[in-house]
Amino acid sequence: MTSRGGCEGGTYGMEEVEGDNGPEGGVGSGSPGGAGGLSPPLLLLLLVIPGPGLPCPAPCRCWADNRTVECSGRGLESVPAGIPGGTRVLDLSRNRLRRLEWPRGSGGPAARRRLEELDLSGNLVSELPGGGEGEEAEAEDGGAWSGLGQLRRLRLDGNRLRYLSPGALGRLAALESLELGSNPLPALLDLTFRGLRRLGRLEVGGPQLGYLGPRLWEGLPALRLLTVTGGSLPAAPSALSLQPLANLSALRLLGLARVRRLPAGTFGPLAALRLLQLDGWSSLSELEEGSLRGPELLLRLSVTRCNLSSVPYLGLQSQPALRWLDLSHNPIRVIRAGMLRHVTRLEELRLVGAGLLAVQPEAFRGLLYFRLLDVTSNQLRSLPEKAFRSAAGLHSLGLGDNPLACDCRLHWVARRRRRLRFLGPAPACRTPEAHRGLRLDRPPPPGSFLCSRPRIRDKRPQRLSVREGRPVTFRCSADGDPPPDILWLNPRRQRLGAPTPGPFPLPGPALGRSRLLPDGGLEIASVRPQDAGIYRCVARNAGGNDTASATLRVRPLSPQELGVFRPAGRGGVRPGYPFDTQTLLVTTTMGFASFFSVVTVCFSLLFAWSRAKGPIKHNNIQVDFVPHGGGGGGGGGGGGEGDDAKYNMKMV
């Protein structure tokens, strides 16, 4: 038996089976059983492969082993005739097809029943045939979807579709993957994908997409991967519209350039989500607290090409199981110490092309499984070893395309170069000039990666005496390699010049009234008596530190400067009294006059009121009093016993 594995403009499948025409029979023998002397494997091959001599369309290439017909990039304006029956994969991408119409005489729907993959991407298709249901509809109209009951993958991305009617693809009940990206669709209406209950992967949208129906995702219980590109969407999809996607495991929202914020609870219904990608949200400046709440086991998070100015520490608090984080191409300047402690299982962090200036020591503190860091194409001059919980656990490092200063701070990278897998371009020194271009993935030459301890230029003690309320400036400058950082401490050992946490500054000398000068000096505005004491300048770098001191004495304001005391003049006033005699007399007189005036007015009003009421009337009240008997019959009682007693009372 001979067969063609791949052909162009020839036949597709088995050409012929050779055999003897002797008495024992062959292919053409009429022996009983119809198979003559064919072996069982050959009989099985004849049952599986279509009949011999099936043609391959002239502009296409065919492969018999996987039943593939490839007609990509041939400039076709219609589906070519002669596609072999039994074809499973048909590639018509990058042509000039305007609609899907099968040629007449191609065997009808029966010839397409085994088709599993159809690629129409990169064509000019502007409309899809309407949907219908049932075998009778297929037989009557012989539509474009007829006979495609086993189609599992359909690619329509990169076409000119402007409208997709609800249920237009409902006849493709076996469809598992549908790609509709890069089409000028302005809107997707409710129930557009009705009937695709086996659909597991969907890509849809384009720069013009500006509306998603609230019931768009209903009827897709098997959907696992969803990609939406919406360049004109005004807001992120609502939590209510995402409720039917409870089984979704991967969500990609791309190009939502108009969306400024991601409301809390947006992904609340997506409990099974494992991958979330937000790319091209150029107006998104932060992830609010709770914006990622909902997915119970989110493993991968990618927020790239957005406008984040800092790592979204608050948004990450609800995702302790996160393992892969990508924040590339955001204007993030620093990775702060200890702020990633909530994502304890983080393994990889990528922050490429972000303009990163510094990674603080202990930035990855508490990350037990951290093994990959990619900070390629930033503005880093160094990467401290103390940024990691243990540098020995780091397996992969991307540090290329950074203006690195090769001193002792990067010696650990050169020391571990054999154990590290460098990502992207190899890291190279920018400074010092003697080692410019030195690659860190190669053995370092002697005398490289060294540091010199800082040295303060003038360590003579400074003693300043300043009047209260006046500004004061201390000087401090230092040399070292790398250039040292300079900080100042007040008499209570509190750091000066750094922003204080909270809305109110902490109490302490010069706190909130001091600033560091570019040359390393310290300026205190409006000194107070409590600012007096010894201040310390500390210059430090990776090679060590150096210290100098300065003493401040504050002269409080005198009573004359406070306005409490003035020299005696013609008015005369004794020391200790804030006013002269004339002022005291005037003040006392005005006080007494005001008091007597108020009293006189009050009594006048009372007198006028009493006169207006007239004379006081006297009321007589008669009280009858009957005394109780004293008991006994002793003979002489008083003659008044039993008489009424009368009392007259006057009541005012």
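(A) Fine view of the state of the cysteines. Under the counting rule described, the total for this entry stands at five disulfides. Residue Cys56 pairs covalently with Cys62 via a disulfide, S to S 1.8 Å. A torsion of 85 degrees about the S-S bond marks the disulfide between Cys56 and Cys62 as right-handed. Through a disulfide, Cys406 is tied to Cys429; the S-S separation comes to 1.8 Å. Looking down the S-S bond of the Cys406 and Cys429 bridge, the torsion is -95 degrees, so its handedness is left-handed. Of this pair, Cys406 sits in the loop between β24 (404–405) and α4 (411–415) while Cys429 sits in strand β26 (residues 429–431), and the two are 23 residues apart along the sequence. Neither residue differs from the other here; Cys406 and Cys429 are each classed as buried. Regarding the disulfides, the chain carries the connectivity 1-3, 2-4, 5-7, 6-8, 9-10 under sequence-order numbering of its bonded cysteines.

(B) Spatial organisation of the packing of aromatic side chains. Scanning the entire structure with this criterion turns up eight aromatic pairs. Geometrically, the ring pair formed by Phe193 and Trp217 is stacked, given 6.4 Å between the ring centres and 5 degrees between the ring planes. One end of the pair, Phe193, is in the loop between β11 (187–188) and β12 (201–206); the other, Trp217, is in the loop between β13 (211–212) and β14 (225–230), and 24 residues separate them in sequence. With respect to class, Phe193 is no different from Trp217; both count as buried. Taken together through their ring pairs, the aromatic side chains of Phe364, Phe370, Phe388 and Trp412 make up a single cluster. Here the basic side chain of Arg300 rests over the ring of Trp324, its NZ or CZ set 4.1 Å away from the ring centre.

(C) The arrangement of the sheet that holds strand β31 (residues 485–489) in detail. Spatially, five strands are ordered β28-β36-β35-β31-β32 in an open sheet, and the strand pairing comes out mixed. The open sheet has two edge strands, β28 (462–467) and β32 (495–496), and neither has a second partner. Where β31 meets strand β35 (residues 533–541), five bridges bridge the pair, whose relative direction is antiparallel. Residue pairing in the sheet places Asp485 in a bridge with Arg540 of β35.

(D) Up close: the sheet that holds strand β34 (residues 522–524). Here three strands make up an open sheet; going across it, the order is β29-β34-β33 and the pairing antiparallel. Bordering the open sheet on either side are β29 (472–474) and β33 (514–516), each of which pairs with just one other strand. For this sheet, the mean angle separating the axes of adjacent strands, direction not counted, is 15 degrees. The sheet contact formed by β33 and β34 spans three bridges and is antiparallel. By the bridge assignment, Arg515 is partnered in β34 with Glu523.

(E) Spatial organisation of a nonpolar patch on the surface. Together, Tyr163, Leu189 and Tyr211 give the surface a local cluster of nonpolar side chains, amounting to about 300 Å² of exposed area. Tracing the backbone through its elements, the reader meets Tyr163 in the loop between β9 (153–155) and β10 (177–181).

(F) Examining unusual backbone geometry more closely. The amide bond that connects Thr431 to the next residue, Pro432, takes the cis arrangement and shows omega of -5 degrees. Inspection of the secondary structure assignment puts Pro432 in the loop between β26 and β27 (452–456). Asp481 connects to Pro482 through a cis peptide bond whose omega is 5 degrees. Within the element layout of this structure, Pro482 appears in the loop between β30 (478–481) and β31. Phi angles above zero are rare outside glycine, and Arg305 is one such case at about 55 degrees. If you trace the backbone, Arg305 turns up in the loop between β17 (300–304) and α3 (313–316). Taking the relative accessible area as the measure of exposure, Arg305 reaches 48% and is therefore partly exposed. Residues other than glycine seldom take positive phi values, yet Arg493 does so here, at roughly 65 degrees.

(G) Spotlight on the nonpolar core. Core analysis: the biggest nonpolar cluster contains 112 residues, and Phe193, Trp217 and Phe364 have the highest contact counts within it. The set of elements that each furnish at least two residues to this core consists of β10, β12, β14, β15 (250–254), β16 (275–279), β17, α3 and α4. Counting residues per element, this core draws most heavily on α4, at three residues. Those residues in contact with Phe364 that sit more than four places away from it in its chain are Ile335, Leu340, Leu349, Val359, Phe370, Leu373, Ala387, Phe388 and Arg389.

(H) Structural view of the pattern of salt bridges. Taken as a whole, this structure holds 29 salt bridges when the rule is applied. A salt bridge links Glu101 to Arg99, with the shortest nitrogen-to-oxygen separation between them at 3.2 Å. Given the relative accessible area of 48%, Glu101 is considered partly exposed. Relative accessible area serves as the criterion here: at 43%, Arg99 is assigned to the partly exposed category. Residues Arg513 and Asp531 are paired through a salt bridge, measuring 2.9 Å at the closest nitrogen-oxygen approach. Separated by 18 residues along the polypeptide, Arg513 in the loop between β32 and β33 and Asp531 in the loop between β34 and β35 bring together distant segments of the chain. Assigned by exposure class, Arg513 and Asp531 land together as buried.

How each quantity is defined
Residues numbered from 1 in each chain as written. Predicted model: local features only at pLDDT ≥ 70, side-chain atom pairs only at ≥ 80, totals over all residues. Heavy atoms only, no water. Disulfide = S-S within 2.5 Å. Helix = DSSP H or I, 4+ residues; strand = E, 2+ residues; numbered from the N terminus. Buried < 20%, exposed > 50% of the residue type's maximum accessible area, 1.4 Å probe, protein only. Phe/Tyr/Trp six-rings, centres within 6.5 Å; stacked < 30°, edge-to-face > 60°. Lys NZ or Arg CZ within 6 Å of the ring centre and 35° of its normal. Pairing = 2+ DSSP bridges. Axes fitted to C-alpha atoms, helices over the stretch in contact; angles between N-to-C directions. Patch = residues over 30% accessible without salt bridge, like charges linked within 9 Å, V, L, I, M, F, W, Y side chains within 5 Å. Areas by Shrake-Rupley, 256 points an atom, 1.4 Å probe, with all protein chains shown as cover. Salt bridge = Lys/Arg side-chain N within 4 Å of Asp/Glu carboxyl O. Core = buried A, V, L, I, M, F, W, Y, C linked by side-chain atoms within 4.5 Å. Contact = heavy atoms within 4.5 Å.

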